[in-house]
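# Notes for the structure review
Each chain, written out:
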Amino acid sequence: MRRKMNPITVKEIVKATGGTLLMGKPSDVITGVKHDSRECGADDLFIAIIGENQDAHKYIGQVLENGCRAVLVSREGEWLKQAEALGAAVVLVEDTVYAMGELAKYYLDTLNVKKIAVTGSVGKTSVRDMIYYVVNEKYRCGRNLKNFNNFIGLPLSIFQFDDSLEVVVLEMGMSDFGEIDRLASIVKPHIGVITNIGVAHMESLGSREGIFQAKMEIAKHIAGDDELPGTLIYASDSEFLTKERTKGNYDQISVGEKGKDDYIISSVDDFGMDGIKFTLEHAQEVRQISLPLPGRHNAINSALAVAVGDLLGVSPEEETDGLAAADLTGNRLKRRENGSICVIDDTYNASPDSMKSALRVLEHSRCDGKKIAILGDMYELGEDSDRQHFGVGLFAGGLKIDTLIAIGTHARKICEGADGGNLQTAYYEKKEDFYQDKDRFIENGDIILVKGSRGMKMEQVVENILKQ
């Protein structure tokens, strides 16, 4: 069911965006914000966004015909006569995407909620979801729609919130410098969470140091209050996410496997697709956590969620219940079966770190037949691409899996890296070539991991395998 936002007036929209009211009544009210003309209704504000392939201004006549009576635009057009005749409000701004963010910032400030922002190279959606389920055991909590974590998606998510909520957790994605800065300026979080510093977006950011600096843009916007001090929570490493390098005008909480961390993870048992179990120590308190979600990496992810829960006064019992109920967004290590074979669908995206984590899950999963990995290209790795693909193959070659199949242009290097290991390898430039050959590899009882970058559309491989 669609949730309506709290009502705001056209006058508030003009003030928040710094726009000009070309026509319409300042007292008119909207209870929703849309950028898709097909979804826009009578009580919505339609934001006309100019994208790479589409200019939504050409749909304004259509949304007015469908009953919409408020539009945010960056240029005028013939539809102005139609808007005037219908008594619609028209707000003119310089940049509708930027104005959308400013309106989201204003609207979020009107809500009495605690705000948590999550970023990182890998795992940010999973951590966001885990935090949501942990916190939702005690508070009414909101989160991003789907994977909406950019300049358009994050504001759209905020416009789904209302004053029934007590806490919101918002994921922030990026591909270049300045993007986290902008998103965090909209949210102004009480708590910022950084999951890790990986190599995704190396192409645009140049180095892991650049990635670290871009992720740390979140820190300058952390702002606590009398009830909840501003806090940065991070998964520690030895190079970037350290106490010294992350210090600022806020509290710090580190999560990791070292004795100096604030939350210490140890004794991780990995049961493949059946989940994990680990020990978590904090402030001389030790607890055992069993997690139904697969992947050793989820020990860190869930510990980050526990750290947030502790700050918000969620009890250990509530945190345990929340983690047990967690349902991660998208195709993240999802078990899919057709009766004779099992597929681990991890096709949401890929980076070297997440590839290796998924391969570990495959290695530790139970099956009656073979363990097969089908891996596609990883994008946005820049000049480091060949080395990173080769490294994934080298890693796979050291695991107890039977077959590795690489698909794509860059994925040839995965095969080359794995060739020295104790497993069968095969390479296909196109998915269609593999489809013709798949019966040579896959039999009843096998378990098959499928993973690759979003642009590879590896979910098509999953569907092809399951329909056999």
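We now turn to the structure provided with this report. (Residues numbered from 1 in each chain as written. Predicted model: local features only at pLDDT ≥ 70, side-chain atom pairs only at ≥ 80, totals over all residues. Heavy atoms only, no water.)

### Remarks on the packing of helix H5 (residues 124–135) against helix H11 (residues 316–325)
At a closest axis distance of 7 Å, the pairing of H5 and H11 adopts a crossing angle of 130°. Taken together, the axis directions place H5 and H11 in an arrangement best described as oblique. Taken as a pair, H5 and H11 cross one another with a handedness that is right-handed. In this structure, H5 uses Met-130, Tyr-133 and Val-134 to contact H11, whose residues at the interface are Glu-318, Glu-319, Gly-322, Leu-323 and Ala-325. Residue composition of the contact of H5 with H11, by class: five nonpolar, one polar and two charged. (Axes fitted to C-alpha atoms, helices over the stretch in contact; angles between N-to-C directions. Helix = DSSP H or I, 4+ residues; strand = E, 2+ residues; numbered from the N terminus. Parallel < 35°, antiparallel > 145°, perpendicular 65-115°, else oblique. Left-handed = near helix turned anticlockwise from the far one by under 90°. Contact = heavy atoms within 4.5 Å. Nonpolar A, V, L, I, M, F, W, Y, C, P; charged D, E, K, R; others polar.)

### Details of the sheet that holds strand E10 (residues 167–171)
Strand order across the open sheet formed by nine strands is E9-E10-E8-E11-E12-E13-E14-E15-E16, with mixed pairing between neighbours. Both edges of this open sheet fall to strand E9 (141–143) and strand E16 (285–291), since each of them pairs with a single strand only. Each strand of the sheet is rotated relative to its neighbour by a mean of 20°, with strand direction disregarded. Sheet topology note: the strand E14 (residues 263–270)/strand E15 (residues 276–282) ladder contains five bridges and is antiparallel. When the sheet's bridge partners are listed, Asp-270 is paired in E15 with Ile-276. (Pairing = 2+ DSSP bridges.)

### A few points about the nonpolar core
In this structure, Leu-45, Leu-108, Ile-158, Met-172, Leu-359, Leu-375 and Leu-404 are the most contacted members of the largest nonpolar core, which totals 84 residues. No other element matches helix H4 (residues 96–110), which puts six residues into this core. Other than its neighbours up to four places away in sequence, Leu-108 contacts Val-113, Lys-115, Ile-158, Phe-161, Val-168, Leu-170, Ile-186 and Val-187. Membership of the second largest hydrophobic core comes to 41 residues, among which are Val-134, Ala-235, Ile-289 and Ala-326. (Core = buried A, V, L, I, M, F, W, Y, C linked by side-chain atoms within 4.5 Å. Buried < 20%, exposed > 50% of the residue type's maximum accessible area, 1.4 Å probe, protein only.)

### Regarding the pattern of salt bridges
Where charged atoms from two side chains of opposite charge come close, those side chains can pair. All chains considered together, the criterion is met by 34 salt bridges. One salt bridge connects Asp-262 with Lys-243, and the closest N-O pair in it is separated by 2.8 Å. Residue Asp-262 is located in the loop between strand E13 (251–256) and E14, and its partner Lys-243 is located in the loop between strand E12 (231–235) and E13; the two are separated by 19 residues in the primary sequence. Under the relative-accessibility criterion, Asp-262 is labelled partly exposed at 27%. With a closest N to O distance of 3.2 Å, Glu-257 and Arg-296 form a salt bridge. Note that Glu-257 is positioned in the loop between E13 and E14 and Arg-296 in the loop between E16 and helix H10 (297–311), a separation of 39 residues in sequence. For Glu-257, a relative accessible area of 45% puts it in the partly exposed group. Among the residues examined, Arg-296 registers a relative accessible area of 32% and is labelled partly exposed. Several salt bridges share partner residues, and in doing so they unite Arg-128, Asp-129, Arg-143 and Glu-171 into one network. (Salt bridge = Lys/Arg side-chain N within 4 Å of Asp/Glu carboxyl O.)

### Thoughts on the environment of His-35
With respect to the helices and strands, His-35 occurs in the loop between strand E4 (32–34) and strand E5 (44–47). Relative accessible area serves as the criterion here: at 33%, His-35 is assigned to the partly exposed category. Here the alpha-carbon distance between His-35 and Gly-153, two residues 118 residues apart in the chain, equals 10.0 Å.

### Concerning the pairing of strand E6 (residues 70–73)
A two-sided burial pattern is seen for E6, the buried positions comprising Ala-70 and Leu-72 on one face and Val-71 and Val-73 on the other. Alignment of E5 against E6, held across two bridges, turns out to be parallel. Counterpart to Ile-47 in the pairing with E6 is Leu-72. A crossover links E5 with its parallel partner E6, the connecting element being helix H2 (residues 60–65), and its sense is right-handed. (Right-handed = clockwise from strand over helix to strand, strands pointing away.)

### Points about H4
For H4, with 15 residues, the first-to-last C-alpha span of 21 Å sits near the 21 Å given by 1.5 Å per residue. Where H4 is concerned, the buried positions are Thr-96, Ala-99, Met-100, Gly-101, Glu-102, Leu-103, Ala-104, Lys-105, Tyr-107 and Leu-108. Capping of H4 at its N-terminal end is provided by Asp-95; its side-chain oxygen lies 3.0 Å from the backbone amide nitrogen of Val-97. (Expected span 1.5 Å × (residues − 1). Polar contact = N/O pair within 3.5 Å; in protein donor to acceptor, adjacent residues only side chain to side chain.)

### Notes on the sheet that holds E6
The five strands lie next to each other as E2-E7-E6-E5-E4, forming an open sheet whose pairing is mixed. Taken across any chain shown, the strands that pair with only one partner, and hence form the sheet edges, are strand E2 (20–23) and E4. Averaged over all pairs of adjacent strands, the angle between strand axes in this sheet comes to 25°, irrespective of strand direction. As defined by bridge partners, E4 adjoins E5 across three bridges and the pair is classed as parallel. By the bridge assignment for E5, Gly-32 is matched with Asp-44.

### Considering the packing of aromatic side chains
What describes a pair of aromatic rings is the distance from one ring centre to the other and the angle between the planes of the rings. Counted according to the given criterion, the structure contains six aromatic pairs. For the ring pair Tyr-107 and Phe-159, a centre distance of 6.3 Å and an interplane angle of 45° mean the geometry is tilted. Placement of Tyr-107 in helix H4 and of Phe-159 in the loop between helix H6 (153–158) and E10 is noted, with a sequence separation of 52 residues between them. As far as the burial class goes, Tyr-107 and Phe-159 line up, both buried. Here Phe-212 and Phe-240 contribute two aromatic rings whose centre-to-centre distance is 5.7 Å and whose plane-to-plane angle is 35°, an arrangement assigned as tilted. Taken together, the residues Phe-212 in helix H9 (residues 208–215) and Phe-240 in the loop between E12 and E13 connect sequence positions 28 residues apart. In terms of burial, Phe-212 and Phe-240 fall into one category: buried. If you follow Arg-143 out to its NZ or CZ, it ends over the ring of Tyr-132, 4.1 Å from the centre. The ring of Tyr-348 has Arg-332 sitting right over it, with the charged end atom 3.9 Å from the ring centre. (Phe/Tyr/Trp six-rings, centres within 6.5 Å; stacked < 30°, edge-to-face > 60°. Lys NZ or Arg CZ within 6 Å of the ring centre and 35° of its normal.)

Shape descriptors only; they carry no functional weight alone.
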